[in-house]
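Structural features, examined
Letter by letter, the chains look like this.
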Amino acid sequence: MASLRKAAQMSAALKTFRCRVRAGGYTLTLQCLAPSAHAAAYAVVERVRQRDQSPWHQVVASEWSSVIGEWVVPANAIVISASDPAPEGADRVVLQSIRTNGGRRDDIH
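Analysis parameters
Residues numbered from 1 in each chain as written. Predicted model: local features only at pLDDT ≥ 70, side-chain atom pairs only at ≥ 80, totals over all residues. Heavy atoms only, no water. Core = buried A, V, L, I, M, F, W, Y, C linked by side-chain atoms within 4.5 Å. Buried < 20%, exposed > 50% of the residue type's maximum accessible area, 1.4 Å probe, protein only. Helix = DSSP H or I, 4+ residues; strand = E, 2+ residues; numbered from the N terminus. Contact = heavy atoms within 4.5 Å. Pairing = 2+ DSSP bridges. Lys, Arg positive; Asp, Glu negative; His and termini not counted. Salt bridge = Lys/Arg side-chain N within 4 Å of Asp/Glu carboxyl O. Polar contact = N/O pair within 3.5 Å; in protein donor to acceptor, adjacent residues only side chain to side chain.

Here we take up the nonpolar core. Counting residues in hydrophobic clusters, the biggest one holds 22 residues, and the most contacted among them are Phe-17, Cys-19 and Val-21. Put simply, the parts of the chain that give this core at least two residues each are strand 1 (15-23), strand 2 (26-34), helix 2 (37-48), strand 3 (56-65) and strand 5 (78-81). The biggest single contributor to this core is helix 2, with eight residues. Once residues lying within four places of it in the same chain are set aside, the contact partners of Val-21 are Tyr-26, Thr-27, Leu-28, Leu-30, Val-44, Val-48, His-57, Gln-58 and Val-59.

Turning to its location among the elements, Thr-29 is positioned in strand 2. Overall, the relative accessible area of 10% leaves Thr-29 in the buried class. In this structure, Thr-29 is in contact with Arg-18, Cys-19, Arg-20, Ser-97, Ile-98 and Arg-99, ignoring residues within four places of it in sequence.

A separate point is the pairing of strand 2. Pairing analysis gives nine bridges linking strand 1 to strand 2, with the strands arranged antiparallel. Across the sheet, the residue bridging to Arg-22 is Thr-27, located in strand 2. Connecting the antiparallel pair strand 1 and strand 2 is a turn made up of two residues, with Gly-24 showing a positive phi of about 60°.

It is worth spelling out the side chain of Asp-52 at this point. Along the chain, the position of Asp-52 falls in the loop between helix 2 and strand 3. Among buried Asp, Glu, Lys and Arg side chains, Asp-52 stands out as unpaired, with Arg-49 the closest opposite charge at 7.7 Å. A distance of 2.6 Å separates a polar atom in the side chain of Asp-52 from a polar atom in the side chain of Ser-54. Excluding anything up to four places from it in sequence, Asp-52 contacts Ala-23, Gly-24 and His-57.

As structure tokens, this is what we get:
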């Protein structure tokens, strides 16, 4: 019973984020559950680094607001470098979906 209660508390602390990051010439949009925007951005960059070994990535992590029924876009992006330690909660991020910009490279017109 205690483990069920702990699992419920952990999932209640997760928020829905939509993260956008450019990697390898593509813009990727990843939706996830995470305890914070920084944890979401870090987990997204860890996923992106499997194919793009850039020294840093810039992530815009928008949080879903059930109060206003839309994404709240932050004023600033989060920059994650290859040497950054994992923020608290990064191990609890659950990726839900990954989308590219229609398979078109951003850097080729």
